[in-house]
Amino acid sequence: MTIEEAIKARHSVRQYKTDSVPEGIREALLNEINQCNKESGLRIQAIFDDPDCFTGFLAHYGKFKNAHNYIALVGTESDMLEEKAGYYGQRLVLFLQMKGLNTCWVGGTYKKGKCRAEVSSGEKLVCIIAFGYGVNGGVARKTKPMEKLCNVPEDKMPDWFKKGMKAAMLAPTAINQQKFYVELIGEEVKFTSKNGPFSKVDLGIVKYNFEVVSNYKFEL
Ligand SMILES: Cc1cc2nc3c(=O)[nH]c(=O)nc-3n(C[C@H](O)[C@H](O)[C@H](O)COP(=O)(O)O)c2cc1C
């Protein structure tokens, strides 16, 4: 599966099979997390076979079933923490999709107090990503039209920018808010976002999707 196929195939999945993640995939995920942590300075952690975060009212409200693995996005508090968590978290989401697993970003409907990740003083748990083998692959959802999300008409945009925009539109955002806006100014791409719950995390997620298919490089 190519990264573009993974972007198209990914949908939030909240209902999982009870199957545990095989050893080879665990190792590959831990290696990828190590790489992300080296590059970003974050302290992302994977927790396997622990359903406690997903039990109780909030989890029920969020309709999670049999979720028992998660990635905890942890890092030192800074202005860029949320955006970096989004960017590197999405890299891991697509990594897992390419390995045949499903995911769901979770910012609210989990029990933070039951999260087993280490969070030292000065650090923050931004949110988690549930993962595992979904009962199904999830369903496609609505997106805002491209002209509402960027400053260039579709028939005037260069190919690499159009590819990036299509991937950005398929990126998950909290409550599907899509509060981002993309500007092409000369050769430069600028992403901004209106305020909203987790909108900085969303910005990092959307930038990753845009970058990985267009080869445009953002400074994080
Ligand atoms: C930062 C962030 C936080 C999210 N928090 C939750 C959550 O607490 N509970 C939940 O069920 N879904 C959560 N989601 C999933 C979104 O609702 C979902 O990604 C969005 O509706 C788009 O659907 P899709 O992922 O299938 O494309 C979150 C997504 C993001 C990006």
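The rules behind the values
Residues numbered from 1 in each chain as written. Predicted model: local features only at pLDDT ≥ 70, side-chain atom pairs only at ≥ 80, totals over all residues. Core = buried A, V, L, I, M, F, W, Y, C linked by C-beta atoms within 7 Å. Buried ≥ 20, exposed ≤ 12 C-beta atoms within 10 Å, placed from the backbone. Helix = DSSP H or I, 4+ residues; strand = E, 2+ residues; numbered from the N terminus. Domains from an automatic or database assignment. Contact = placed C-beta atoms within 7 Å. Expected span 1.5 Å × (residues − 1). Arc of directions from axis to C-beta. Nonpolar A, V, L, I, M, F, W, Y, C, P; charged D, E, K, R; others polar. Pairing = 2+ DSSP bridges. Axes fitted to C-alpha atoms, helices over the stretch in contact; angles between N-to-C directions. Near = placed C-beta within 6 Å. Parallel < 35°, antiparallel > 145°, perpendicular 65-115°, else oblique. Left-handed = near helix turned anticlockwise from the far one by under 90°.

Draft legend 1. Just the nonpolar core, in detail. Membership of the largest hydrophobic core comes to 56 residues, with the highest contact counts inside it found for Ile-44, Ile-71, Leu-73, Leu-92, Ile-128, Ile-129 and Ala-130. Among the elements of the structure, α2 (23–40), β2 (70–76), α4 (81–98), β3 (102–106), β4 (123–132), α6 (159–169), β5 (180–185) and α7 (199–214) are those that each provide at least two residues to this core. When residues are assigned to domains, this core turns out to be shared by domain 1 (3–132) and domain 2 (146–214), each giving three or more. The contact partners of Ile-71, leaving out residues within four places of it in the chain, are Ile-44, Ala-46, Gly-89, Leu-92, Ile-128, Ile-129 and Phe-131.

Draft legend 2. Just α2, in detail. Taking 1.5 Å as the rise per residue, α2 with 18 residues should run 26 Å; its terminal C-alpha atoms sit 26 Å apart, in good agreement. Buried within α2 are the following residues: Leu-29, Ile-33 and Cys-36. Each buried residue of α2 sits inside an arc of 60° when the element is viewed along its axis, so together they form one side. Relative to its buried face, α2 has exposed residues pointing more than 90 degrees away, namely Glu-23, Gly-24, Glu-27, Asn-31, Asn-34 and Lys-38. Residues of α2 that are buried in the fold lie against β1 (45–47) and α4. Gly-41 lies just past α2 and shows a positive phi near 80°.

Draft legend 3. Looking closely at the domain arrangement of the protein. Looking at the protein, the domain boundaries give domain 1 (3–132) and domain 2 (146–214). With 18 residues of domain 1 at the contact, the number on the domain 2 side is 18 residues. Among the elements of the structure, α1 (3–9), α4 and β4 are those that each provide at least two residues to the side of domain 1 that touches domain 2. With nine residues, α4 is the largest single contributor of residues to the side of domain 1 that touches domain 2. When its residues are assigned to classes, the side of domain 1 that touches domain 2 shows seven nonpolar, five polar and six charged.

Draft legend 4. View of the pairing of β5. As judged from the six bridges shared by β5 and strand β6 (residues 188–193), these two strands associate in the antiparallel manner. The partner of Tyr-181 across the bridge, within β6, is Thr-192. Between β5 and β6, which follow one another and run antiparallel, lie two residues, and Gly-186 among them has a positive phi close to 65°.

Draft legend 5. Structural view of α7. Here α7 is 16 residues long and its end C-alpha atoms lie 22 Å apart, about the 22 Å a rise of 1.5 Å per residue gives. In terms of residue burial, α7 counts as a mostly covered element, since 13 of its 16 residues are buried. Just downstream of α7, Asn-215 is the residue with a positive phi angle, here 65°.

Draft legend 6. Spotlight on the sheet that holds β1. Read from one edge of the open sheet, four strands run β1-β2-β4-β3, paired in antiparallel fashion. Looking at strand neighbours, the two that pair on one side only are β1 and β3, the edges of this open sheet. Across the sheet, the mean angle from the axis of one strand to that of its neighbour is 25°, orientation sign disregarded. In this structure, β3 lies alongside β4, joined through five bridges in antiparallel fashion. Paired with Trp-105 across the strands is Ile-129, a residue of β4.

Draft legend 7. The site of the ligand, seen in detail. By nearness alone, 22 residues border the ligand, and Ser-12, Trp-105, Gly-107, Gly-108 and Pro-172 come closest of all. When residues of the shell around the ligand are traced back to their parent elements, those giving at least two are β3 and α7. A breakdown of the residues in the shell around the ligand according to their chemical character gives 10 nonpolar, nine polar and three charged. The residue makeup of the shell around the ligand includes at least three contributed by each of domain 1 (3–132) and domain 2 (146–214).

Draft legend 8. The packing of α4 against α7, seen in detail. For the pair α4 and α7, the least separation of the axes is 6 Å and the interaxial angle reads 40°. In terms of axis orientation, α4 runs oblique to α7. Along this stretch, α4 crosses α7, giving a crossing that reads as right-handed. On the side of α4, the interface is formed by Glu-82, Glu-83, Lys-84, Ala-85, Gly-86, Tyr-87, Gly-89, Gln-90 and Arg-91, while α7 contributes Lys-200, Val-201, Asp-202, Leu-203, Gly-204, Ile-205, Lys-207, Tyr-208 and Asn-209. Looking at the contact of α4 with α7 residue by residue, the class counts come to six nonpolar, five polar and seven charged.

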